[in-house]
Amino acid sequence: MRTVFWENNELKMIDQRILPGRFEVLSYRDHKAVAHAITDMVVRGAPAIGAAAAFGLALAGYESASSSTRDLLADLQSAAATLKAARPTAVNLAWAVDRVLGAANSSKEVGSADELRQLILGEAQRIADEDVEINKRMAEHGAALIDDGDTIIHHCNTGALATVDWGTALGVIRTAHEQGKKIHVLVDETRPRLQGARLTAWELEQYGIPYEIISDNTAGYFLKAGKVQKCFVGSDRTAANGDVANKIGTYMLALAAFDNGVPFYPVVPTSTIDLSLAHGDLIPIEERNPQEVLGLEFEGQRVAPQNAKARNIAFDVTPARLVTGIVTENGVAYPPFEVSLKKLVK
Ligand code: MRU
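It should be emphasised that the depicted structure is a prediction, and the values quoted were computed from it without experimental measurement.

### Thoughts on unusual backbone geometry
Then, in step 1: In this chain, Arg-191 is followed by Pro-192 through a cis amide linkage whose omega measures 0°.
Then, in step 2: Summarising the element assignment, Pro-192 is placed in the loop between strand 5 (184-188) and helix 7 (195-207).
Then, in step 3: Although it is not a glycine, Met-41 adopts a positive phi angle of roughly 70°.
Then, in step 4: Tracing the sequence through the fold places Met-41 in the loop between helix 1 (31-39) and helix 2 (46-63).
Then, in step 5: Taking the relative accessible area as the measure of exposure, Met-41 reaches 3% and is therefore buried.

Structural data, given as C-alpha cells:
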C-alpha cells in the first residue's frame, strides 16, 4: 500500500502521527487541509510531502469554481503558495508544486478548465509513480555499497512511509536484505518525534530485517567500538556543494562516523538536490513548536519542569566534508560534489 494515493476523487494518506499504535488512512478533499496535514506531520518525509502537495494542488483545481483556464490558473497560484508554506526545509515540496504548476501553465493542448483539472491530476499522479520507480533505482545503487554482515546506523524514518513507497535510505537497506545480505540495523530513535523508534522500527519489523533501537546519543558509542560498518540517512535538501540537510541529529552522527572512519551515505533523489543553493547555510531550517520537546513523559510524568522553555530545531546541515558519497537514482556522487552532483542531476 502507498503512503499517499488518489482514490475516488480524494487524496488518501496514512496517518503517521499515530503509528505504530494505530493504523488509519485519512481522506482529503481540500488543499488547505492537505497543507495542514503536512505541517502537522500526518504525512512527513521529503518525497511523501512533495507527492501530497502535488495531489493537494489537484484538489485545489476541483475546489475552484472557475470555468475559464485563466481564472483556474489564478486559483491554483494561491493554492500553491498555501501548500509551499506548509514546511520550509524539504525542497521536494516546492519542487513538486512548481512542477505541477509548470505543466498547467505550459500545456498547449488544454481547451477547457476541466481538461486543465485532468492534466494537473495526471501530473501529480506521475510524480507519485515516478517516486516509487526512482526509489527502487536508488536502492539498487545504494545496496551495492552494503556488504554481507554489515551493521548499519539509520537516522529518522526514510522508508516507504517517508516516500510514496519503498523509501530512500531504508529502501537501500530493504533491497540489500532482499538480495540476501545479512544486515543488522541500529535505529536511532530520533527525538523529539521518534520517527526512528515508531516508524522505522515498525517498517523493519514488517520486512523481517533484524534491528535494535538505540537512543540518539548511543550512536557514538557503537561507532567508536568498531561495531558499525556504514551509516545511511535521507535528506530534505542537499545543496550544490554536497552539504546535506536532514533530520536533527544527523550532523552529530556524521561527525562521529567521520571520526571513526565509518562511511556516511545520504540517499537523495535528485528532486531533493537544490543546485540553486551554493552551500548548506542557505537552506531554510524549520523550527517547530517547543511543545514537541516539552511534552515528553517518563513513567507517566512530564519530564520538564512546568515553566521550562525549549528549542525544537527540526533539521541540521551535515557539511559535505563528512559525507562519503551521495546515492541518487542516477548513481553515486563522490567528492568533489560541486562537479558530481551537477552531472547526476542532469
Ligand atoms: O520531519 P520529517 O519526519 O519530515 O523528516 C524526515 C527526514 O528528515 C528524512 O530523513 C527525509 O525526509 C528524507 S527521507 C525520505
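### Focus on the pattern of salt bridges
Then, in step 1: Scanning the entire structure with this criterion turns up 22 salt bridges.
Then, in step 2: As a salt-bridge pair, Arg-2 and Asp-129 come within 2.7 Å of each other at their nearest N and O atoms. Taken together, the residues span a long stretch of sequence, with Arg-2 in the segment before strand 1 (4-7) and Asp-129 in helix 5 (residues 113-143) at a distance of 127 residues.
Then, in step 3: For Asp-129, a relative accessible area of 34% translates into the label partly exposed.

### Considerations on the sheet that holds strand 4 (residues 151-154)
Then, in step 1: Strand order in this open sheet of five strands is 6-5-4-7-10, and the pairing throughout is parallel. Looking at which strands have only one partner, the edges of the open sheet turn out to be strand 6 (211-214) and strand 10 (264-266). Ignoring strand direction, the axes of neighbouring strands in this sheet form an average angle of 25°.
Then, in step 2: Of the pairings in the sheet, the one linking strand 5 to strand 6 comprises four bridges and is parallel in character. Each residue of the ladder has a partner; that of Leu-186, found in strand 6, is Glu-212.

### Thoughts on the environment of Ala-278
Then, in step 1: Here Ala-278 lies in the loop between strand 11 (273-274) and helix 10 (291-294).
Then, in step 2: Taking the relative accessible area as the measure of exposure, Ala-278 reaches 47% and is therefore partly exposed.
Then, in step 3: For the pair Ala-278 and Ala-58, spaced 220 residues apart in sequence, the C-alpha to C-alpha distance is 32 Å.

Rules behind the numbers
- Residues numbered from 1 in each chain as written.
- Predicted model: local features only at pLDDT ≥ 70, side-chain atom pairs only at ≥ 80, totals over all residues.
- Heavy atoms only, no water.
- Helix = DSSP H or I, 4+ residues; strand = E, 2+ residues; numbered from the N terminus.
- Buried < 20%, exposed > 50% of the residue type's maximum accessible area, 1.4 Å probe, protein only.
- Salt bridge = Lys/Arg side-chain N within 4 Å of Asp/Glu carboxyl O.
- Pairing = 2+ DSSP bridges.
- Axes fitted to C-alpha atoms, helices over the stretch in contact; angles between N-to-C directions.

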